[in-house]
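Observations on chain architecture
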Number of protein chains: 2
Amino acid sequence: MTIKDIARAASVDPSTVTRALQGSERVKQATRERVAALAEEMGYVPNMAARTLVKRSSGLIGLVIPDMTNPFFAELARGMENEAVKHDLRIVINDTLGEEAAEREALKLFLELEVDGLLVAMARIPQGFYDELDPPVPLVHINRPEASHHVSCDRIKGSIDILEHLYALGHRRIGFVRGPAQPGNEPKMAAYRQVLEQKGLGYEPDWIFRFDGSTDSAAHIADRLLDLSPMPTAVFAWNDVSAIALIHVLRERGLRVPDDVSIAGHDNIQLSGLVEPPLTTVAWPMYEIGQHSVRHLVSIGQGKSPRAPRLPAPQLIVRASTGSPKTAR
Amino acid sequence: MTIKDIARAASVDPSTVTRALQGSERVKQATRERVAALAEEMGYVPNMAARTLVKRSSGLIGLVIPDMTNPFFAELARGMENEAVKHDLRIVINDTLGEEAAEREALKLFLELEVDGLLVAMARIPQGFYDELDPPVPLVHINRPEASHHVSCDRIKGSIDILEHLYALGHRRIGFVRGPAQPGNEPKMAAYRQVLEQKGLGYEPDWIFRFDGSTDSAAHIADRLLDLSPMPTAVFAWNDVSAIALIHVLRERGLRVPDDVSIAGHDNIQLSGLVEPPLTTVAWPMYEIGQHSVRHLVSIGQGKSPRAPRLPAPQLIVRASTGSPKTAR
DNA sequence: GCAAAAAATACAAACGTTTGTATTTAGTGA
DNA sequence: TCACTAAATACAAACGTTTGTATTTTTTGC
């Protein structure tokens, strides 16, 4: 069922059919309607391959994300979809599991698909590689401020806010649970160092823990934490899952949160407000970032050189998992 | 940078270049290597549109899922990817947010892309629509046993297991928190009715609650539950998030879980083992389902008519959120 | 009713690959 | 060296659209 079949059925030239289907003014309204009806009736499905071939544009945007599982990225993707439809673009997603090889594969796929643009979140591959992408494609990085085109909200502000919140509550010994060594995680570490230094608080290497997502890992952190003397009175965890897990193991060991130790997370996942105690955390405007990144991409595609858009700042969400330190030790 | 450019550079015919790049035996080894080197050097990127056009096959599989956010589906997608690469297929994902219109859009996109197959998880659109898909594409449903081709594990067994687990613990009044009216959720409701009936336990309409994901909704359920007299001693929630939320609000109101009331969930999300108390739940072999569905799809594509594959059963995971009823009321 | 302008449609080439067939080149045995 | 076969390569058409240009048809103004 091709355009030619419809042309034959409508006793008209294929070129007229295309134009009719596109709603071109060049074809008589009556013909337009007749062709449209026929196409509908005959179950015509446009062949994107053929169209892409001649138009040199697929109407597709490739989205490369490291972890679908993370609601963070899911929210991002939704903001993108929302904006993309306004520009008649469609988003195809490729999950890389945070692996560099998969990221390369994803880029290869998208280049072959002749996507009109690329959105890359938390890229693992060094920036230099992206700068020399061939053929060049409009590309917007999410959360990579060093890239020539990117959309990021202030990546360090949220972490600073949460650390200052802890300081304001009276905490002077603050621990940190860090995630895997990904580019996106560095600002949290930087914020940790920066705030502690600025407040004149020292920090011990012992106060930095690494969480790998397992129960064992959480338990190990709790044990190490309890061994410390003096013990930190607050811990900032790099994401909500690790924060919630940590709270769990600490309570198991008899500590009260936040009375004995305050715990703060990052990301504001759905459950963060539903656990006991509800988690103090940072929410990023991922949906908005998604929308802006598509807008940005579109204007790059139009040959403009837009500046990085200003975005709403990450928001500190204070709940019950943080409070003033109650116990002296 | 097309195949013709390479042909010119290698002073050879375009057809030879294609064959060389495909590793065809028909072209001399020396030529193959020369062409490959040239292609690499000149930064050749195959044009999928052109290839798809003539081969009538894109090497793509379209995956339609209702909610990326759900780790359930993320796991599924990963199993699919893992299997797809073995068949030189690539997966493109489209999230529908569980909306029927978006599902139609996704199908349209994939048909236009000329995908080699379609994987549809928890479809909203009625089966009849899928049976008449035009042009016909190999299609495998996930969790829709009434479809001609589907991969599902026993959809009711996990729920039955968990309800029988509650019964075995001594619970005789068991409540149910149901999710939105999606096809995928019905078996849980069915299991609830079936087990209670089979055990000779009546169930009250009052024991069935609806959770919409908000804190308010959870609070409302807790209030309604506490108003009941006698109160159910156990509640089976349709997913882990609602179970965890429910536990939270119940504890806030002074109830002990599982002593006063046992709560069981479904899905085994990462956090289910990390909250307090760790959640009794059901794990589905989503990764395996993903793998099998791709295998199934491939054999359909080869013109076979495979039977629905046997899958590992859903697994009951007993943790601390369920126990024998302790309080008489 | 006629020329000119405008509107509607037809023609034809192009996009980059693949693939069946034809042609050239190399290799074999006598 | 020749005829014959096998190997390597070239030719050409096709896939379904789009789009610039040419042609036909209709409308307009007089």
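First, a word on scope: everything that follows refers to the structure included in this document. (Residues numbered from 1 in each chain as written. Chains lettered and ligands numbered in written order. Predicted model: local features only at pLDDT ≥ 70, side-chain atom pairs only at ≥ 80, totals over all residues.)

Comments concerning the protein's contact with DNA strand C
- Within the structure, DNA strand C sits among 25 residues, and Ser15 of chain A together with Ile3, Ser15, Thr18 and Ala50 of chain B are positioned closest to it.
- Broken down by element, the surface near DNA strand C gets its largest block of residues, five residues, from helix H4 (residues 48-55) of chain B.
- Taken together, the residues of the surface near DNA strand C sort by class into eleven nonpolar, seven polar and seven charged. (Near = placed C-beta within 6 Å. Helix = DSSP H or I, 4+ residues; strand = E, 2+ residues; numbered from the N terminus. Nonpolar A, V, L, I, M, F, W, Y, C, P; charged D, E, K, R; others polar.)

Remarks on helix H10 (residues 215-227) of chain A
Residue and element names in this part refer to chain A.
- The end-to-end C-alpha distance of H10 is 18 Å, a good match for the 18 Å that 13 residues give at a rise of 1.5 Å each.
- Listed as buried for H10 are Ala218, Ile221, Ala222 and Leu225. Considered in projection along H10, the buried side chains sweep an arc of 100° and stay on one side of the axis. Exposed side of H10, more than 90 degrees from the buried face: Asp216, Asp223 and Asp227 are the residues found there.
- Looking at the buried residues of H10, the elements they touch are strand S6 (174-178), strand S7 (208-210) and helix H11 (240-252). (Expected span 1.5 Å × (residues − 1). Buried ≥ 20, exposed ≤ 12 C-beta atoms within 10 Å, placed from the backbone. Arc of directions from axis to C-beta. Contact = placed C-beta atoms within 7 Å.)

Focus on the nonpolar core
- Leu119, Ile244 and Leu246 of chain A together with Leu119, Ile244 and Leu246 of chain B are the most contacted members of the largest nonpolar core, which has 166 residues in total.
- Setting aside chain neighbours within four positions, we find leucine 246 of chain B in contact with Val177, Ala218, Ile221, Ala222, Val235, Ala237 and Ile263 of chain B. (Core = buried A, V, L, I, M, F, W, Y, C linked by C-beta atoms within 7 Å.)

Thoughts on the packing of helix H5 (residues 71-86) of chain A against helix H12 (residues 286-301) of chain A
Residue and element names in this part refer to chain A.
- One way to put it is that H5 packs onto H12 with a least axis distance of 7 Å and a crossing angle of 45°. Viewed along their axes, H5 and H12 adopt a mutual orientation that is oblique. Both H5 and H12 take part in a crossing whose hand is right-handed. Here H5 contributes Phe72, Glu75, Leu76, Ala77, Arg78, Gly79, Met80, Asn82, Glu83 and Ala84 to the contact with H12, which in turn contributes Met286, Tyr287, Glu288, Ile289, Gly290, Gln291, Ser293, Val294 and Arg295.
- Each residue belonging to the contact of H5 with H12 can be placed in one class, and the counts come to nine nonpolar, five polar and five charged. (Axes fitted to C-alpha atoms, helices over the stretch in contact; angles between N-to-C directions. Parallel < 35°, antiparallel > 145°, perpendicular 65-115°, else oblique. Left-handed = near helix turned anticlockwise from the far one by under 90°.)

A word on the environment of arginine 172 of chain B
- Looking at the secondary structure, you find arginine 172 of chain B in the loop between helix H8 (157-168) and strand S6 (174-178).
- Placed 62 residues apart in sequence, arginine 172 of chain B and alanine 234 of chain B show a C-alpha to C-alpha distance of 8.3 Å.

Thoughts on the protein's contact with DNA strand D
- Around DNA strand D there are 24 residues in total, and Ile3, Ser15, Thr18 and Ala50 of chain A together with Ser15 of chain B lie nearest to it.
- The element that contributes the greatest number of residues to the surface near DNA strand D is helix H4 (residues 48-55) of chain A, accounting for five residues.
- For the surface near DNA strand D, the class distribution of residues is ten nonpolar, seven polar and seven charged.

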